[in-house]
Amino acid sequence: MTETNTGNEDFGQLSAPYRRELLAYCYRMLGSVEDAEEVVQEVYLDAWRAYDRFEARSSLRTWLYRIATRACFKALERIRRRPLPADLGDPEPNPGIGPIPRNPEIPWLQPIPDYLFTSAPDDPETVVVQRQSLRLALMGALQQLPPRQRAVLILRDVLQWRTTEVAELLQMSTAAVNSALQRARSQIPLSQDGLTEPDEPHQRDLLNRYALAFETADVDQLVTVLTEDARWEMPPIALWFEGRDTVCAFLARQMRIIGPADVVATSANGQPAFAVYRRGVDGTRRPHAVHVLTFDAEGISRVVAFHGARLFPLFGL
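Remarks on the environment of Pro 93
Phase 1 of the analysis: Structurally, Pro 93 can be placed in the loop between helix H4 (60-76) and helix H5 (114-117).
Phase 2 of the analysis: Of the residues examined, Pro 93 reaches a relative accessible area of 66% and is grouped as exposed.

Quick word on the pairing of strand E3 (residues 261-268)
Phase 1 of the analysis: When E3 meets strand E4 (residues 271-279), the two strands line up antiparallel, connected through eight bridges. Considered in E4, the bridge of Val 263 is made with Val 276.
Phase 2 of the analysis: Counted along the chain from E3 to the antiparallel partner E4, the turn is two residues long, and its residue Asn 269 has a positive phi close to 55°.

Here's the deal with the nonpolar core
Phase 1 of the analysis: In this structure, Tyr 25, Tyr 27, Met 29, Leu 60, Trp 63, Leu 64 and Leu 170 are the most contacted members of the largest nonpolar core, which totals 73 residues.
Phase 2 of the analysis: Among the elements that take part in this core, H4 stands out by supplying eleven residues, more than any other.
Phase 3 of the analysis: When sequence neighbours within four positions are dropped, the list of residues in contact with Leu 170 reads Thr 69, Phe 73, Arg 148, Ala 151, Val 152 and Leu 155.
Phase 4 of the analysis: With 32 residues, the next largest nonpolar core counts Trp 232, Leu 251, Ala 261 and Ala 289 among its residues.

Some details on the confidence of the model for the protein
Phase 1 of the analysis: When pLDDT is averaged across the protein, the result is 89; 91% of the residues are at 70 or more.
Phase 2 of the analysis: Counted against residues more than four places away or in other chains, residues 1-5, with its pLDDT under 50, gives 16 contacts.

Some thoughts on the packing of aromatic side chains
Phase 1 of the analysis: Under the criterion given, the structure shown has twelve aromatic pairs.
Phase 2 of the analysis: Where Tyr 210 meets Phe 214, the ring centres are 5.1 Å apart and the plane angle is 50°; that geometry is what we call tilted. Linking Tyr 210 with Phe 214, this pair stays in helix H11 (residues 200-215), spanning four residues, or about one helical turn.
Phase 3 of the analysis: The class of Tyr 210 is buried, set by a relative accessible area of 1%.
Phase 4 of the analysis: Aromatic ring contacts, followed pair by pair, group Phe 11, Tyr 44, Tyr 51, Phe 54 and Trp 63 into a single cluster.
Phase 5 of the analysis: One cation-aromatic arrangement involves Arg 285 over Tyr 277; the distance from NZ or CZ to the ring centre is 4.2 Å.

Re the sheet that holds strand E6 (residues 299-307)
Adjacent strands of a sheet pair through backbone hydrogen bonds, lying either parallel or antiparallel.
Phase 1 of the analysis: Overall, mixed pairing links the six strands, which are arranged E2-E1-E6-E5-E4-E3 in an open sheet. The sheet is open, and its two edges are formed by strand E2 (237-242) and E3, each paired on a single side. Within the sheet, the average angular offset between the axes of one strand and its neighbour, ignoring direction, is 20°.
Phase 2 of the analysis: For strand E5 (residues 285-296) and E6, the ladder comprises eight bridges, and the chain directions are antiparallel. Looking at the pairing, Leu 293 lines up with Val 303 of E6.
Phase 3 of the analysis: Contacting strand E1 (226-234), E3, E4, E5 and E6, H11 runs over the sheet at an angle of about 150° to E5.

A closer look at unusual backbone geometry
Phase 1 of the analysis: The omega torsion of the bond from Pro 235 to Pro 236 falls at 15°, within 30 degrees of zero and hence cis.
Phase 2 of the analysis: Note that Pro 236 resides in the loop between E1 and E2.
Phase 3 of the analysis: The backbone of Asn 269 sits at a positive phi, close to 55°, despite the residue not being glycine.
Phase 4 of the analysis: Within the element layout of this structure, Asn 269 appears in the loop between E3 and E4.

About the criteria used
- Residues numbered from 1 in each chain as written.
- Predicted model: local features only at pLDDT ≥ 70, side-chain atom pairs only at ≥ 80, totals over all residues.
- Heavy atoms only, no water.
- Helix = DSSP H or I, 4+ residues; strand = E, 2+ residues; numbered from the N terminus.
- Buried < 20%, exposed > 50% of the residue type's maximum accessible area, 1.4 Å probe, protein only.
- Pairing = 2+ DSSP bridges.
- Core = buried A, V, L, I, M, F, W, Y, C linked by side-chain atoms within 4.5 Å.
- Contact = heavy atoms within 4.5 Å.
- pLDDT = per-residue confidence, 0-100.
- Phe/Tyr/Trp six-rings, centres within 6.5 Å; stacked < 30°, edge-to-face > 60°.
- Lys NZ or Arg CZ within 6 Å of the ring centre and 35° of its normal.
- Axes fitted to C-alpha atoms, helices over the stretch in contact; angles between N-to-C directions.

So this is what it looks like as structure tokens:
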């Protein structure tokens, strides 16, 4: 079946293959799974209503991206950028600080479960590109760009669209697209050439020891897996810690309060993740946080622990 105007009744079948990639695109633009899902729903509703007027001058995929981009720009007019704690200021030097206030009024960057954006492409390299282009650090950096630069960078460097295609979609000249791309690249290099992680057996061992640390409330286990310059962030808490000694000193105190936890492996933004549950005195498990882990060649270099139960249903937990 070709992408021609065959009537609204065919729209669902023709457009379904693009829903997952459109969700990933809107998430990159907005930094929120909830906002991205809402926009994608609006995109499909608007496209369905207008499908009888679709003249196939471009592909259906391009047409959907045009509608999605306009919807994202409109959403960004009312949504502040979504940061991570490290985007807001310097690390907290005192691991014994307390009490620690939450900042729920800040629209924090959200993680995205891998199952929402990964399919099963035949090319394993495609999976790697999908995952690397959704890493949390990159998502946080993208949120700092103006919306149009953000769209240009994603379309050109992540989705590999041609300059002429981006210019047509965004109604810009090719010179303006190239200028916006150059400015965006100067702030956010998307190349993963310098990204080095432990090999799979070593990474699996690090993950097992990380999980064991929380299951046994043993901070000494964390000392063996965190890098010397490791970061620890806890949205919706704005403060964050840097350096293995400071992080472990803070966590030792927290583990004494929380005690042994139950840990469930998951994944987010193409990165390993854990759902951590507190154990109640009655034996009931209570959602505590979703930890998203970043590795470098030496070990776990960054943990963003998204506190609260809100994200657990999104991860199917």
